[in-house]
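Descriptive structure summary
What follows is the residue order along each chain.
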Amino acid sequence: MAQSTQPFKQSLSGSVGAGMKSVFASGGRRFYTLVHKVSSKYYQAGESQQIIVDQITIGRDPSCQVRFDESFSTVSRKHAAIVKDGDNWKLVQLSQTNSTYLNGHKVHTEWYLQNGDEIQLSTNGPKLGFIIPEGKKGLVSSINLTARLNLFRKQALRPYKTALWSISAVFVAALCVGGYFLYESISKNKELDMKLADVRAEYDQYKKDSQETMQNLSENYEKVAEELKAKSDEVADMQQRLEEIRDMAVNVSGINNAAIEACIPYVYYIELVGIDATWPDGSKVSDGNLPAWSGTGFLLADGRFVTARHVVEGWSYFGNDERLAMLNVIANNGGKVVAHFMAVSSSGSRLQFTSEDFYCDRSHDVSYILEDGKQLVEAPLDETDFAYMRTSAVSGLKYDLGKSRNLERGTVLTVLGFPLGLGANDVNDINPIYGSGTVAKEGLQDGYILITDTNYEQGNSGGPVFYTDKNGDLTVVGIVSAGAGRTTGFVVPISVIN
């Protein structure tokens, strides 16, 4: 199940400790670069910062390693943080009043960063590009020692600048006071001996009082422990009663929550994290002209990861979207389009893949020649709207090829997915949304499972559709493809992937 996110807290090991390693023991340590996309008091547009520590804060506070001036009123004092997590970096939301966006998506708590991501501080706020240099250029050792020392001062010591000045002042004052008392002690040994005797007497009394206090605490410990155990037993009884009530609720609603819970770890939220689009002449399409979308996918028991083709190749279903049509022209006229995705499940499992990793059925695609001679290739929303790839997974969802072609009219189907992105709150809070539908026609309709009474939305695309077998278990029979009107849906039978 998803785990709650721990609040971000600046640490010496993440700033000073990591900075010392980068300066004196860089070894295989890597860094990343933040590219400023707007000008401010401290940075020019296009200026970049090399980050060599494991954690930084971004905001208007003087202690922030990436600082914006007071003219950016929607940037909080401590707005966001970037923290190293193993071999990855993640963006952490800190502000309680102003939002942070990653590639246009709101970050509720935290989300993992990928090379080329765009960070935006509040709506219409300043933007930063997140870049991970490739190969040896991304090693801290590639930065000369003088530059590393300068970065150490600006990044590792900045959060503690005020504390360091205070400590220095106290240290100097302590030296002065110590010198004075040393002089006085030489001239007044007798008086000092008397003071020491008074201090020793006070210490002995303090020690005696402390021992008495500890004795009292020890005597009360057993009583407190008994009270805690009694409260613990009461909580356990209440939990058992709640479980019984929940089971009763399941029986009343007709929804088998236990069967659904068994399937949830294998249902994934899919998010597009970037598109590489290259025209035939080698020029790249800028990020600002590229679309974004999300969907649902799932793991089968044989290790295959399945989703809808229009989730991994959105440009093949361009409709009236000019940006998708542009990508279609590039892909079918000598250029290249590759979409990069991250998929996350409630179990914490993460998959990273590209559109090129999937098998798709292109046998129904239709080609068009435009007035300028360029070719468009459009994929229809029919039984070919599926895509799958092989993984190393050894467990997943049960599926029934034969049943998917012969469902009876009136069969109630269960749908799990992420409609409108719901259920994917952040990387540590993934929980698919329940939906349902009813088989409207026995068997297949033009290759589809036709369903009615649907209650799912856009974002469920590519998600699993289940029927309940005689044992009460959920078995996959289809893939969410499209809808017509408000209650009619089209499901691709799982038999198409055989």
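Residues numbered from 1 in each chain as written. Predicted model: local features only at pLDDT ≥ 70, side-chain atom pairs only at ≥ 80, totals over all residues. Heavy atoms only, no water.

1. Some details on the overall build of the protein
Stated formally: Helix numbering and strand numbering both begin at the N terminus, where a helix is a DSSP run of H or I of at least 4 residues and a strand a DSSP run of E of at least 2. Think of it in three bands: residues with accessible area under 20% of the maximum for their type are buried, residues over 50% are exposed, and the middle band is partly exposed, with areas taken using a 1.4 Å probe on protein chains only. We call two residues in contact when some of their heavy atoms are within 4.5 Å.
Helix and strand content of the protein: eight helices and 28 strands. By the burial criterion, 42% of the 498 residues in the protein qualify as buried. In the protein, once contacts between residues fewer than 6 apart in sequence are set aside, the share between residues at least 24 apart is 62%.

2. Let's talk about the environment of Phe490
Looking at where Phe490 falls in the secondary structure, it is placed in strand S28 (residues 488–493). Remark: the alpha-carbon pair of Phe490 and Glu383, spanning 107 residues in sequence, is separated by 9.1 Å.

3. Things to note about the sheet that holds strand S2 (residues 48–51)
To keep it simple, the criterion reads: At least two bridges found by DSSP between two strands is the condition for calling them paired.
With antiparallel pairing, six strands are arranged side by side in an open sheet as S2-S1-S11-S10-S7-S8. Of all the strands in the sheet, just S2 and strand S8 (105–106) have a single pairing partner and so form its edges. One ladder, built from two bridges, connects strand S7 (residues 100–102) with S8; its direction is antiparallel. In the strand pairing of S8, Tyr101 is matched with Lys106.

4. Comments concerning unusual backbone geometry
Unlike most non-glycine residues, Ser122 shows phi in positive territory, near 70°. Tracing the chain through its elements places Ser122 in the loop between strand S10 (118–121) and strand S11 (127–131). Not every positive phi belongs to a glycine, and Asp453 is a case in point at roughly 60°.

5. Notes on the pairing of strand S13 (residues 294–299)
Summarising burial for S13: five of the six residues are buried, a large majority. Relative to S13, strand S12 (residues 267–278) runs antiparallel, the two sharing five bridges. From the neighbouring strand, Val267 faces S13, where its bridge partner is Phe298. Pairing analysis gives two bridges linking S13 to strand S14 (residues 304–307), with the strands arranged antiparallel. Counterpart to Leu299 in the pairing with S14 is Phe305. Hairpin connection of S13 to S14: four residues between the antiparallel strands, including Gly303 at a positive phi of 90°.

6. Some details on the pattern of salt bridges
Cut-off, in case you're wondering: We define a salt bridge as a contact between a side-chain nitrogen of Lys or Arg and a carboxyl oxygen of Asp or Glu at a distance within 4 Å.
One pass over the structure, following the stated rule, counts 16 salt bridges. Between Glu70 and Arg77 there is a salt bridge; the shortest N-O distance is 2.7 Å. Here Arg309 makes a salt bridge to Glu313, at a shortest N to O gap of 3.1 Å. Counted as one network, the salt bridges with shared partners bring together Arg309, Glu313, Arg362 and Asp365.

7. Structural notes on helix H2 (residues 145–156)
What counts, and what does not: Directions pointing from the helix axis toward each C-beta atom define the arc. The definition of a polar contact used here is a pair of N or O atoms within 3.5 Å, where within protein one atom must be able to donate a hydrogen and the other to accept one, and adjacent residues in sequence count solely through side-chain atom pairs.
Those residues of H2 that sit buried are Arg148, Leu151, Phe152, Gln155 and Ala156. Take H2 and look down its axis: the buried residues cluster within an arc of 110°, on one side only. Where the residues of H2 are buried, they touch helix H1 (13–24) and S2. In this structure Asn144 caps H2, since a side-chain oxygen of it lies 3.2 Å from the backbone nitrogen of Thr146.

8. Comments concerning the packing of aromatic side chains
The cut-off we apply is this: Here a Phe, Tyr or Trp ring, Trp counted by its six-membered ring, pairs with any other such ring whose centre lies within 6.5 Å, and the pair is stacked when the planes are under 30 degrees apart, edge-to-face when over 60, and tilted otherwise. Only when the NZ atom of a Lys or the CZ atom of an Arg is both within 6 Å of the ring centre and within 35 degrees of the ring normal do we say a charge sits over the ring.
For the structure shown, the criterion picks out 14 aromatic pairs. Between the aromatic rings of Phe68 and Phe72, the centroid separation amounts to 5.4 Å while the plane-to-plane angle is 70°, which identifies the pairing as edge-to-face. Comparing Phe68 with Phe72 shows no difference in burial state: the two are buried. Aromatic rings pair up to connect Tyr268, Phe305, Phe341, Phe353 and Phe358 into one cluster. Against the face of Tyr112 rests Arg350, its NZ or CZ located 4.0 Å from the ring centre.

9. Topic: the packing of H1 against H2
The criterion, for reference: Only C-alpha atoms enter the line fits that serve as axes; for helices the fit covers just the stretch in contact. Angles between N-to-C directions range over 0 to 180 degrees. The scheme is simple: roughly parallel for angles under 35 degrees, roughly antiparallel for over 145, roughly perpendicular for 65 to 115, oblique for anything else. Any residue outside Ala, Val, Leu, Ile, Met, Phe, Trp, Tyr, Cys, Pro, Asp, Glu, Lys and Arg is labelled polar, Gly included; the first ten of those are nonpolar and the last four are charged.
It is the contact of H1 with H2, at a shortest axis distance of 9 Å, that shows an interaxial angle of 180°. With respect to each other, H1 and H2 are oriented roughly antiparallel. In this structure, H1 uses Ser15, Val16, Gly19, Met20, Ser22 and Val23 to contact H2, whose residues at the interface are Leu145, Arg148, Leu149, Phe152 and Ala156. Class assignment of the residues belonging to the contact of H1 with H2 gives a composition of seven nonpolar, three polar and one charged.

10. A word on the confidence of the model for the protein
Formally: You can read pLDDT as the predictor saying how much it trusts each residue, on a scale of 0 to 100.
Residues of the protein with pLDDT of at least 70 account for 83%, and the chain-wide mean is 84. Taking the mean pLDDT of every element in the protein, the minimum, 49, falls on helix H3 (residues 161–187) and the maximum, 98, on S14. Below pLDDT 50 for its whole length, residues 1–6 participates in eleven contacts with residues either more than four positions away or in separate chains. Segment residues 165–178: pLDDT under 50, and zero contacts once partners within four positions in sequence are set aside and those in other chains are kept.

11. Some remarks on the sheet that holds strand S3 (residues 55–59)
As summarised here, the arrangement of the five strands in space is S4-S3-S5-S6-S9, forming an open sheet in which the pairing is mixed. Only two strands of the sheet have a single neighbouring strand rather than two, namely strand S4 (66–67) and strand S9 (110–112). In this structure, S3 lies alongside strand S5 (residues 80–85), joined through four bridges in antiparallel fashion. Looking at S5, one finds that Gln55 is bridged to Val83.

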